[in-house]
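Residues per chain are reported as follows:
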Amino acid sequence: MLMAALLASCSRQANDSHELTFWTVGREGEAVAKLIPDFEREHPGVHVKLQQLPLTAAHQKLLTAVAGGSTPDLTQLGNTWIPELAALDALEPLQVRVERSHTVQQADYFPSIWATNLIDGTLYGVPWYVDTRLLFYRKDLLRQAGFDTPPRDWTQWRHMLAALSPAQRRGYGILLPTNEFEQLLALALQQDEPLLRDNNRYGNFRSAGFKRALTFYVETFKLHQAPMISNVEAGNPWTEFGRGVYAFYLSGPWNIGEFRQRLPAAQQDDWSTAPLPGPEGPGASNAGGSSLVIFRRSPHKEAAWQLVEFLSRPAVQQRFYDLLGDMPPRRSSWEGGALHDDPKARAFRDQLERVKPTPPIPEWERIVTEMQLVAAQAVAGQLTVDQAAVEIDRRADGILEKRRWMLDRQGRSR
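Quantities reported herein were computed from a predicted structural model and do not represent experimental measurements.

1. Quick look at the environment of D131
Link 1 in the chain: When you line up the elements, D131 lands in strand β6 (residues 126-131).
Link 2 in the chain: Classification of D131 as buried rests on a relative accessible area of 19%.
Link 3 in the chain: Separated by 16 residues in sequence, D131 and F147 place their C-alpha atoms 28 Å apart.
Link 4 in the chain: Ignoring sequence-local partners within four residues, the contact set of D131 consists of G252, P253, W254, N286, A287, G288 and G289.

2. Details of the pairing of strand β3 (residues 74-78)
Link 1 in the chain: Across the five residues of β3, four count as buried, placing the element largely inside the fold.
Link 2 in the chain: In terms of strand pairing, strand β1 (residues 18-25) meets β3 through two bridges, oriented parallel. The residue of β3 that forms the bridge with F22 is L74.

3. Topic: the pairing of β1
Link 1 in the chain: In terms of residue burial, β1 counts as a mostly covered element, since six of its eight residues are buried.
Link 2 in the chain: One ladder, built from eight bridges, connects β1 with strand β2 (residues 46-53); its direction is parallel. Note on β2: the bridge partner recorded for E19 is H47.

4. So, helix α14 (residues 301-312)
Link 1 in the chain: For α14, built from 12 residues, the straight-helix expectation of 16 Å at 1.5 Å per residue is met to within 8% by its first-to-last C-alpha distance of 16 Å.
Link 2 in the chain: All of the buried residues in α14 are K301, A303, A304, W305, L307, V308, E309, F310, L311 and S312.

Basis of the calculations
Residues numbered from 1 in each chain as written. Predicted model: local features only at pLDDT ≥ 70, side-chain atom pairs only at ≥ 80, totals over all residues. Heavy atoms only, no water. Helix = DSSP H or I, 4+ residues; strand = E, 2+ residues; numbered from the N terminus. Buried < 20%, exposed > 50% of the residue type's maximum accessible area, 1.4 Å probe, protein only. Contact = heavy atoms within 4.5 Å. Pairing = 2+ DSSP bridges. Expected span 1.5 Å × (residues − 1).

Structure follows, in structure tokens:
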């Protein structure tokens, strides 16, 4: 009888134990591997199997896994990829779990970051870390040009760019690589008009707001306040920033660590960060980042949710920032640790209250790529702003043709 009881106990433990497969993308896997042992100690029946996907192959790997029915239990997912996976019916809705959770509290998250996980009113992910763009700037160069504070609006910004871009200085006000869409996108998100119209069926790039943003962007090059080069031609932007070739650099949170590593100690007080200026005052920026999602086919949804909750704790998010520099999506996670005391992170905390999500459709990445290709033609003088706006709309409408057909068909079926 004793032997039978022991065997039954061992059998139950074996049945209760399982392996949870978690896919990460890029460097995040290295950092989260240092957090997982604490989770496994709290949940002794669960072993987390981490698989790191290279960024260049992650998107195709995910689509292949969905098509082949071989998805992991959960993964990190860039928030612009969520609409595509949701459209494929691959993701588990999470709203009911959030409502029951004592850990994941929606009100604690930056609203626009949370909104990137909502597709047609259904929640498919929980924000894990955030990414937005703002200004890195040389305080000493601004002071030399007569400015005590960074710009708050476009008019101030233009004055500063002009003062910092004289030919005799052999430098420019700002670096805006012509093959990166994030800078123009941030300016466009500051406008009142949406980037797409009619339930995201058509482009809205001919709107007055987008043309205003594109005009400011193009004029920055025409006034020789930014060099007309790609990020490949720019070489090492950290070194050039340190040399004073650029006084402003519009980039994301990872560059706090990069500048601290790459610039000499004597220059660490010469630079800082500032929220993006907008047309009339402090402006919006992009609501980027990565979220945690659970796949519908997962046989271990409850354990997967427990891992989501663990990685969502403010204390764990603070450790994650210490390990990697990825900024947390919860306000409470900013109230302690290194983030709270870092003056160069404060601008990001401010900016995160004024971010905007991009249109939640699978086609968005293709559209924004075409936007930047056409904008580069306008920068080169091959198109006027009006011509460029019409061309971006034409390309966007072509990309959205299938979406219109599907929505019209759904409407008729009702």
